[in-house]
Amino acid sequence: MSSGQLIAITGPSGVGKGTLVRLLLARHPELYLSVSTTTRQPRPGEVEGQDYYFVSPDRFKTLIATGQLLEWAEYAGNYYGTPREKVETQIHQGRTVLLEIEVMGAQQIKQTFPEALRLFILPPNVAELERRLRDRGTDTEDAIAKRLQRAKAEIELSTEFNVQIVNDNLDQALAKIEQAIFN
Ligand code: ADP
Ligand code: 5GP
């Protein structure tokens, strides 16, 4: 059996990564979405092992020290990382694995998994990104300001990724992701 592919999808918060990944999985159920490990508290309705593996900061440090994460990053005061073994097992079984992760972690994938295809999702402009963050209704004004500040620095890194896709029209952005993955 030939090996599967690793696809890392990244971009600033609010750009539409989660929306695009949900649509992609609905259209291509054969894709495998990696479940990340995090130190943040579960939100109401989130399920252990389905949305995230929720762990203590000490446990997270052990996972880093023992090389069990393919990448990791701190985001908004919590740690997030991709469990290495699960991803590698799926890929060896020939499946295409998706990671939906923030930008610092996605940069590390270039070193830890050089064959991965790394996609960067861009907003049409920063004003539209701000509008989406606000309309989503999940963040305080303070969190929105921090996310926008971080977004400006992240967008400057977009050229380090294999493919850049502007999420203006959702269907067109989805088609471009499909083209990049299934070419
Ligand atoms: P992320 O996962 O990157 O933080 P989300 O998928 O949560 O972003 O999207 C942020 C908000 O933007 C959501 O309210 C979503 O419905 C909206 N959104 C996503 N893509 C588009 C698009 N192409 N046009 C308009 N709104 C969008
Ligand atoms: P949230 O707390 O809203 O679920 O996620 C916050 C951010 O962490 C999002 O940008 C999400 O893409 C990112 N994220 C989720 N899992 C991982 C991971 O395993 N690694 C990295 N680097 N970022 C992640």
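Details of the structure are given in the entry above.
Residues numbered from 1 in each chain as written. Chains lettered and ligands numbered in written order. Predicted model: local features only at pLDDT ≥ 70, side-chain atom pairs only at ≥ 80, totals over all residues. Heavy atoms only, no water.

Colleague: Talk me through the layout of surface pockets; I want residue IDs and the actual numbers.
Modeller: Its volume calculated, the largest pocket comes out at about 1500 Å³. Along the wall of the largest pocket there are 47 residues; nearest its centre are Arg40, Arg43, Tyr52, Glu100 and Arg136. Sorting the residues of the lining of the largest pocket by element identifies helix H1 (17–27), strand E5 (69–75), strand E6 (78–83), strand E7 (97–100), helix H5 (126–136) and helix H6 (141–156) as the ones contributing at least two each. If you tally residues by element for the lining of the largest pocket, the top one is H1, at 6 residues. Classifying every residue of the lining of the largest pocket gives 15 nonpolar, 15 polar and 17 charged. Put simply, the second largest pocket is a space of about 210 Å³. Lining the second largest pocket are Thr37, Tyr53, Val55, Arg59, Leu63, Gln68, Leu69, Pro83, Arg84, Glu85 and Lys86. (1 Å grid on protein atoms, 1.4 Å probe; cavity = no way out; pocket = protein on both sides within 12 Å on 5 of 7 lines; lining within 4 Å. Points joined across faces, edges and corners; volume = space filled by probe spheres on them. Helix = DSSP H or I, 4+ residues; strand = E, 2+ residues; numbered from the N terminus. Nonpolar A, V, L, I, M, F, W, Y, C, P; charged D, E, K, R; others polar.)

Colleague: Could you give me a rundown of the site of ligand 2, with the residues and numbers involved?
Modeller: Surveying the vicinity of ligand 2 reveals 15 residues, the closest of which are Ser36, Arg40, Tyr52, Glu71 and Tyr80. One of the side-chain N or O atoms of tyrosine 52 is found 2.5 Å from an oxygen atom in ligand 2. Measuring from an oxygen atom of ligand 2, one finds a side-chain N or O atom of tyrosine 80 at 2.5 Å. Protein contact buries 90% of the 520 Å² of open area that ligand 2 shows by itself. In a pocket analysis with a 2 Å cut-off to the grid points, ligand 2 is assigned to the largest pocket. Listing elements by their share of the shell around ligand 2, those giving two or more residues are E5 and E6. Per-class residue counts for the shell around ligand 2 are 5 nonpolar, 4 polar and 6 charged. (Near = heavy atom within 4 Å. Polar contact = N/O pair within 3.5 Å; in protein donor to acceptor, adjacent residues only side chain to side chain. Areas by Shrake-Rupley, 256 points an atom, 1.4 Å probe, with all protein chains shown as cover. Sits in = over half its atoms within 2 Å of the grid points.)

Colleague: I'd like a rundown of helix H4 (residues 103–112), residues and numbers included.
Modeller: Within H4, burial applies to Val103, Gly105, Ala106 and Ile109. For H4, the angular spread of the buried residues around the axis is 160°, confining them to a single face. Tucked into the core, H4 has its buried residues touching strand E1 (6–10), E5, E7, strand E8 (117–122) and H6. Its side-chain oxygen placed 3.0 Å from the backbone nitrogen of methionine 104, glutamate 102 serves as the N-cap of H4. (Buried < 20%, exposed > 50% of the residue type's maximum accessible area, 1.4 Å probe, protein only. Arc of directions from axis to C-beta. Contact = heavy atoms within 4.5 Å.)

Colleague: Can you explain the packing of H1 against helix H7 (residues 170–182)? Please cite residues and give values.
Modeller: Contact geometry of H1 with H7 gives a least axis separation of 10 Å together with a crossing angle of 60°. Between H1 and H7, the angle is such that the two are oblique. For H1 against H7, the interelement crossing comes out right-handed. Contacts from Thr19, Leu20, Leu23, Leu24 and Arg27 in H1 reach Leu170, Ala173, Leu174, Ile177, Glu178 and Ile181 in H7. Partitioned by chemical class, the residues of the contact of H1 with H7 number 8 nonpolar, 1 polar and 2 charged. (Axes fitted to C-alpha atoms, helices over the stretch in contact; angles between N-to-C directions. Parallel < 35°, antiparallel > 145°, perpendicular 65-115°, else oblique. Left-handed = near helix turned anticlockwise from the far one by under 90°.)

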